[in-house]
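Residue-level listing of the chains:
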Amino acid sequence: DNIVLHGSCLFFSEKFLELNVYPFQPETFFYYEEDILADRCLKCNWKISYIPKIHVNHLEGASTGQKGYYKKMTFRYTNIINSGKVYLKYLRGEK
């Protein structure tokens, strides 16, 4: 409980969704969103749980539609850098 969850599938309670318009920081895209989410949850005393009994089949690359090594790596590192900047601002308390 109360750890940073990384993965392709997260479940949110109805109460959480009522209180949060966006579960993830809108400016992030695939990277660092779980780190920011975990920090927000811990600050608000919201419970985070990893449930290993739940299994989800993940179709790698289906969300991005990127095919080919170069396109995948370009997409990946561009978004890691951009989302990293958002995460750094978040950690610094900047808007």
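Residues numbered from 1 in each chain as written. Predicted model: local features only at pLDDT ≥ 70, side-chain atom pairs only at ≥ 80, totals over all residues. Heavy atoms only, no water.

1. Brief notes about helix α2 (residues 33-43)
Here α2 lies mainly inside the structure; 8 of its 11 residues are buried. Where α2 is buried, its residues meet α1 (14-19) and α3 (69-92). Where α2 ends, the next residue or the one after it, Asn45, has phi of about 60 degrees, a positive value. (Buried < 20%, exposed > 50% of the residue type's maximum accessible area, 1.4 Å probe, protein only. Helix = DSSP H or I, 4+ residues; strand = E, 2+ residues; numbered from the N terminus. Contact = heavy atoms within 4.5 Å.)

2. Description of the pattern of salt bridges
Here the structure, examined in full by the defined rule, presents 2 salt bridges. In this structure, the salt-bridge partner of Lys47 is Asp1, at a minimum N-O distance of 3.7 Å. In this pair, Lys47 is assigned in the loop between α2 and α3 and Asp1 in the segment before α1, connecting sequence segments 46 residues apart. Looking at Asp1, the relative accessible area reads 58%, which means it is exposed. Between Lys43 and Asp39 there is a salt bridge, with its nearest N and O atoms 3.0 Å apart. Remark: Asp39 and Lys43 occur in helix α2; sequence separation between them is 4 residues, near one turn of the helix. Looking at Lys43, the relative accessible area reads 61%, which means it is exposed. Of the residues examined, Asp39 reaches a relative accessible area of 25% and is grouped as partly exposed. (Salt bridge = Lys/Arg side-chain N within 4 Å of Asp/Glu carboxyl O.)

3. Digging into the nonpolar core
Within the largest apolar cluster, 6 residues are counted, these being Leu5, Phe16, Leu37, Ala38, Cys41 and Ile48. No other element matches the 3 residues that α2 contributes to this core. (Core = buried A, V, L, I, M, F, W, Y, C linked by side-chain atoms within 4.5 Å.)

4. Looking at the environment of Tyr31
Relative to the helices and strands, Tyr31 resides in the loop between α1 and α2. Taking the C-alpha atoms as reference points, Tyr31 and Leu5, 26 residues apart in sequence, are found 12 Å from one another. Dropping the residues within four chain positions of it, Tyr31 is found in contact with Arg76, Asn79, Ile80 and Ser83.

5. What about the packing of α2 against α3?
Put simply, α2 and α3 touch, their axes get as near as 10 Å, and they point 20 degrees apart. By the angle between their directions, the pair α2 and α3 is classed as roughly parallel. Where α2 crosses over α3, the handedness of that crossing is left-handed. Contacts between α2 and α3 involve Asp35, Ile36, Asp39, Arg40 and Lys43 from the first element and Val86, Tyr87 and Tyr90 from the second. Per-class residue counts for the contact of α2 with α3 are 4 nonpolar, no polar and 4 charged. (Axes fitted to C-alpha atoms, helices over the stretch in contact; angles between N-to-C directions. Parallel < 35°, antiparallel > 145°, perpendicular 65-115°, else oblique. Left-handed = near helix turned anticlockwise from the far one by under 90°. Nonpolar A, V, L, I, M, F, W, Y, C, P; charged D, E, K, R; others polar.)

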